[in-house]
Amino acid sequence: MSAPDAKIICAEEVNQPRWLVLLLSWLFPGYGFFVYGLRRRAVLLFVVIEGIFLVGSLLRGGVLLPEFRWGHEGFNIVSLLTFFTQMFNGAAALVSLLPELFRAKWGVFPYDESYSWADLGTFYTLVAGGLNYFVLMSTYDHFYGKKREGAFGLASEKDGSE
């Protein structure tokens with residue numbers, strides 16, 4: 001997916017702490033790949049994931065706070081899982097939550113339950129959140145986890161090879 005001449009940067013060469021790279025990768029899909037030199041992949045991931053979220057928002061779907069009180073009639077596990085998955089959209093999910101957090105009638109991505117396509121739009125925001133979760137885990141795995149050894153030609157410490 002990346003150009004053959006693209007220089008992949010090793011984790012030790014990046015001047016940012018691991019937690020910051022992962023936090024910014026959550027907020028902005030593809031950021032981790034961008035920092036480590038896979039810029040085309042990063043831009044593609046950002047455009048696809050944020051595009052899906054934007055389509056969901058244009059269909060008037062959004063991220064809604066679920067009911068967290070156990071005994072409340074609105075409480076259910078599906079709403080909680082949907083919320084946590086949608087929150088993997090990072091900055092877009094936080095912006096989408098602003099009207100609900102501040103009880104405002106305005107919003108950048110307003111949710112309109114009466115709109116006929118709102119459920120489909122909310123599903124799109126759910127898919128975008130799930131995709132960003134996988135991108136975030138891939139970022140960790142490629143640059144800090146097990147795939148790092150193969151990507152950078154590092155020898156495994158278990159087998160003692162050089």
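Please refer to the structure higher up on the page.
Since this is a predicted model, take the numbers as computed values, not measurements.

Asker: Looking at this model, I keep getting lost on the overall build of the protein. Mind explaining?
Answerer: Along the protein, the regular secondary structure elements total seven helices and zero strands. If you list the helices and strands of the protein from N to C, you get α-α-α-α-α-α-α. Classification of the 162 residues of the protein by burial places 36% in the buried group. Summed over its atoms, the accessible surface of the protein is roughly 10,200 Å², and 64% of this surface lies on carbon and sulfur atoms.

Asker: In this structure, what is going on with the side chain of Q86? I would like to understand it.
Answerer: Counting through the fold element by element, Q86 comes out in helix 4 (residues 77-86). With relative accessibility at 2%, the residue Q86 sits in the buried group. Setting aside its immediate chain neighbours within four residues, Q86 contacts G62, V63, L64, A93, T122, T125, L126 and G129.

Asker: It is not clear to me how the nonpolar core should be interpreted in this structure. Could you clarify?
Answerer: One recurring pattern in soluble globular proteins is that nonpolar side chains are buried together. Ranked by internal contacts, the top residues of the largest apolar core, which has 19 residues, are F33, Y36, V63, M87 and F143. When contributions to this core are tallied by element, the ones reaching two or more residues are helix 2 (31-35), helix 3 (39-58), helix 5 (91-101) and helix 6 (118-143). Apart from residues lying up to four places away in sequence, V63 is in contact with F53, F83, Q86, M87, A93, S96, L97 and E100.

How each quantity is defined
- Residues numbered from 1 in each chain as written.
- Predicted model: local features only at pLDDT ≥ 70, side-chain atom pairs only at ≥ 80, totals over all residues.
- Heavy atoms only, no water.
- Helix = DSSP H or I, 4+ residues; strand = E, 2+ residues; numbered from the N terminus.
- Buried < 20%, exposed > 50% of the residue type's maximum accessible area, 1.4 Å probe, protein only.
- Areas by Shrake-Rupley, 256 points an atom, 1.4 Å probe, with all protein chains shown as cover.
- Contact = heavy atoms within 4.5 Å.
- Core = buried A, V, L, I, M, F, W, Y, C linked by side-chain atoms within 4.5 Å.

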